[in-house]
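The lines below spell out each chain.
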Amino acid sequence: MISIPFRIIFTQVNDSLRTGTELPLPRPRGRPRSFDPDEALKAAGERFRTQGFAATSLDDLVEATGLARPSLYAAFGDKRALYLAALARLTDRVERAFAGLGALGLPLQPMVERMLVGAIEGYLSGEKGPAGCLLVGTATSEAATDPQVRAALVRFLDMEDRSIEALLVGAGSTNPAACARIVASVLHSLSVRARAGESRDSMEQLARDCAAMVV
């Protein structure tokens, strides 16, 4: 709540009554009118993806989102709450991407290859170069000591396994549960390889090998 000295309020009220004009409301502080929570989460997630949770400061998040500290706190809470929100956002977006892939009705091998190559495209992007996956690259280290991050990681992995298995069932796989875990493992490996600087050609060859193997 913005505090305004009583003397100023009293003077403004008297002026308003005398002139018949409306009393001006105090100008609110905080986030700009164009504030978009999803865009702010996306920007924060990119910074966390590049630097990890521990190495990302509030100043980094202010720079990334373009929001002042009071706005970040008002919208998301502290740094940890913002990180958890970014993880949840990514989980939901990946789940929708899996659903979109399923809607294409592709045969098994092309579907798996498209999934993996599409992931590579995202893994090779980043603020400062290839950054892999936010969850695989950063949440795995935080999960060891933070129960909420661990729960977020578990939710992501469960969603990933279920979604990939459903895709494989829809494409006619004869062993969808086991193959889904293999595909998920390759997705995680590709994230690590991207962050390590492995070439796109090498990663795409791994994607094709995996797609051929699970048929």
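Residues numbered from 1 in each chain as written. Predicted model: local features only at pLDDT ≥ 70, side-chain atom pairs only at ≥ 80, totals over all residues. Heavy atoms only, no water.

## Quick word on the packing of aromatic side chains
Then comes step 1: Overall, the coordinates contain 3 aromatic pairs when judged by the stated rule.
Then comes step 2: Relative to Phe53, the ring of Phe48 lies with its centre 6.0 Å away and its plane at 25°, an arrangement referred to as stacked.
Then comes step 3: Phe48 sits in the buried class, given a relative accessible area of 0%.
Then comes step 4: Relative to Tyr83, the ring of Phe53 has its centre 4.9 Å away and its plane inclined at 45°; by these criteria the two rings are tilted. Placement of the pair is Phe53 in the loop between α2 (37-51) and α3 (58-65) and Tyr83 in helix α5 (residues 79-102), with a sequence separation of 30 residues. One exposure class covers both Phe53 and Tyr83, and it is buried.
Then comes step 5: Put simply, the rings of Phe48, Phe53 and Tyr83 touch in pairs and so form one group of aromatic residues.
Then comes step 6: Positioned over the ring face of Phe53 is Lys79, at 4.3 Å from the centre of the ring. (Phe/Tyr/Trp six-rings, centres within 6.5 Å; stacked < 30°, edge-to-face > 60°. Buried < 20%, exposed > 50% of the residue type's maximum accessible area, 1.4 Å probe, protein only. Helix = DSSP H or I, 4+ residues; strand = E, 2+ residues; numbered from the N terminus. Lys NZ or Arg CZ within 6 Å of the ring centre and 35° of its normal.)

## Considerations on the environment of Asn175
Then comes step 1: Here Asn175 is to be found in the loop between α8 (147-170) and α9 (176-195).
Then comes step 2: Relative accessible area serves as the criterion here: at 41%, Asn175 is assigned to the partly exposed category.
Then comes step 3: Sequence-wise, Asn175 and Val215 are 40 residues apart; in three dimensions their C-alpha atoms are separated by 9.2 Å.

## Things to note about the side chain of Lys79
Then comes step 1: Take Lys79: it is sitting in helix α5.
Then comes step 2: For the buried Lys79, which has no salt bridge, the nearest side chain bearing the opposite charge is Asp60, at an N-O separation of 7.6 Å.
Then comes step 3: Among the polar contacts listed, one links the side chain of Lys79 to the backbone oxygen of Phe53, at a separation of 3.0 Å.
Then comes step 4: Beyond its immediate chain neighbours, meaning those up to four positions away, Lys79 contacts Phe48, Phe53, Ala54, Thr56, Leu58 and Leu61. (Lys, Arg positive; Asp, Glu negative; His and termini not counted. Salt bridge = Lys/Arg side-chain N within 4 Å of Asp/Glu carboxyl O. Polar contact = N/O pair within 3.5 Å; in protein donor to acceptor, adjacent residues only side chain to side chain. Contact = heavy atoms within 4.5 Å.)

## Structural notes on α5
Then comes step 1: Relative to the 34 Å expected for 24 residues at 1.5 Å per residue, α5 spans 35 Å between its end C-alpha atoms, a close match to the ideal helical length.
Then comes step 2: Within the sequence span of α5, burial applies to Lys79, Leu82, Tyr83, Leu84, Ala86, Leu87, Arg89, Thr91, Phe98 and Leu101. (Expected span 1.5 Å × (residues − 1).)

## A few points about α2
Then comes step 1: Taking 1.5 Å per residue as the helical rise, α2 with its 15 residues ought to reach 21 Å, and the 21 Å between its terminal C-alpha atoms agrees with that figure.
Then comes step 2: Among all positions of α2, only Ala40, Leu41, Ala43, Ala44, Gly45, Arg47, Phe48, Arg49 and Thr50 are buried.
Then comes step 3: Where α2 is buried, its residues meet α3, α4 (69-76), α5, α6 (108-123), α7 (134-142) and α9.
Then comes step 4: Of the residues flanking the start of α2, the one acting as N-cap is Asp36, its side-chain oxygen 3.0 Å from the backbone nitrogen of Asp38.
Then comes step 5: Gly52 lies just past α2 and shows a positive phi near 85°.

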